[in-house]
Amino acid sequence: MEREVRILICDDDVKQCEPLARLLQALGHICEPVTSAEAALALMGVRSYDALIIDVLMRGIGGIELLQRVRALPNWADVPVV
């Protein structure tokens, strides 16, 4: 049995975030959509993910800054990010 892939989706536009999560779930992945970088960082403090999907242009902390913060965290340097 293959291990399920856990993906964190961060996009402040719910109209983009939710359908993408549903699509990936239909393909058999575990997806957690969040609508802010702060929420993503909070979840990353308590859960692990196999991949991150991050919107570049978001209110507050943008995608590039979130990516920089993710790469600075222990154990997150090699997690694939789209």
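Up top you'll find the structure we're talking about.
The structure contained in this document is the topic of the report that follows.

Reading the values: rules and limits
- Residues numbered from 1 in each chain as written.
- Predicted model: local features only at pLDDT ≥ 70, side-chain atom pairs only at ≥ 80, totals over all residues.
- Heavy atoms only, no water.
- Pairing = 2+ DSSP bridges.
- Helix = DSSP H or I, 4+ residues; strand = E, 2+ residues; numbered from the N terminus.
- Axes fitted to C-alpha atoms, helices over the stretch in contact; angles between N-to-C directions.
- Contact = heavy atoms within 4.5 Å.

Thoughts on the sheet that holds strand β3 (residues 51-54)
And then number 1: Taken in spatial order, the three strands make up an open sheet running β2-β1-β3, and their pairing is parallel. Every other strand in the sheet has two partners, leaving β2 (30-34) and β3 as the edge strands with one partner each. If you compare each strand with its neighbour and ignore which way they point, the axes differ by 15° on average.
And then number 2: As defined by bridge partners, strand β1 (residues 6-10) adjoins β3 across four bridges and the pair is classed as parallel. Looking across to β3, one finds that C10 is bridged to I54.
And then number 3: Those strands touched by helix α1 (residues 14-26) are β1, β2 and β3, and its axis lies near 175° from that of β2.
And then number 4: The sheet strands contacting helix α2 (residues 37-44) are β1, β2 and β3, and the helix crosses β1 at an angle near 155°.

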